[in-house]
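Listed below, chain by chain, are the residues.
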Amino acid sequence: MLAVAGVAVAALTGLATPASAATTPATTTLGPAATVIGIEFVDANYQGATYTVTGGTCTATTSDVDFYINSMPGGWNDVISSFRSYANCYTKLYEDNNRTGATYGFVGDSSYVGNAMNDRASSIEWS
């Protein structure tokens, strides 16, 4: 289930498997605003299929959580190798669902999430 600060996601559209994402990008909206907060990439160096998450503007501090996804949508579990953050956000990847397990972040952009987290992200936070 996708959620924003404990509230169910209002819209979930355009989901695609990474293999088909080049022609049908995957997108999730977390909140009322259509501001991009993160783009996740299947390959290192911001390459390959993308998963775009929109929401609002983050508070630009890592002491709170502004947006989160507790479980990646179909085709996007355990495939992320790089990401970019936007709208004052910092991204944190979790190895397991419900933001548990090993972590990587909070960071703004990452051209490679490292061998320990590569192709292992199952949930994400933005702060």
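Definitions and cut-offs
- Residues numbered from 1 in each chain as written.
- Predicted model: local features only at pLDDT ≥ 70, side-chain atom pairs only at ≥ 80, totals over all residues.
- Heavy atoms only, no water.
- Helix = DSSP H or I, 4+ residues; strand = E, 2+ residues; numbered from the N terminus.
- Phe/Tyr/Trp six-rings, centres within 6.5 Å; stacked < 30°, edge-to-face > 60°.
- Buried < 20%, exposed > 50% of the residue type's maximum accessible area, 1.4 Å probe, protein only.
- Lys NZ or Arg CZ within 6 Å of the ring centre and 35° of its normal.

1. Observations concerning unusual backbone geometry
Backbone torsion omega between Gly105 and Phe106 reads 5 degrees, so that peptide bond is classified as cis. Position of Phe106 among the secondary structure elements: in strand 10 (residues 100-107). Of note, Asn98 is a non-glycine position whose phi angle comes to about 60 degrees, a positive value. Note on placement: Asn98 falls in the loop between strand 9 (91-96) and strand 10.

2. Re the packing of aromatic side chains
Per the counting criterion, the structure on display carries three aromatic pairs. Both rings, one in Tyr51 and one in Trp76, keep their centres 5.5 Å apart while their planes meet at 25 degrees; by these two values the pair is stacked. Residue Tyr51 is found in strand 6 (residues 47-55), and its partner Trp76 is found in the loop between strand 7 (67-69) and strand 8 (82-85); the two are separated by 25 residues along the sequence. Exposure class is identical for Tyr51 and Trp76. Each is buried. Relative to Tyr104, the ring of Phe83 has its centre 6.2 Å away and its plane inclined at 75 degrees; by these criteria the two rings are edge-to-face. Remark: Tyr104 occurs in strand 10 and Phe83 occurs in strand 8; sequence separation between them is 21 residues. Judged by its relative accessible area of 0%, Phe83 falls in the buried class. By relative accessible area, which is 25% here, Tyr104 ends up partly exposed. A cation sits over an aromatic face here: Arg84 above Tyr46, 3.5 Å from the ring centre. Over the ring of Tyr68 we find Arg99, and its NZ or CZ is 3.6 Å from the ring centre.

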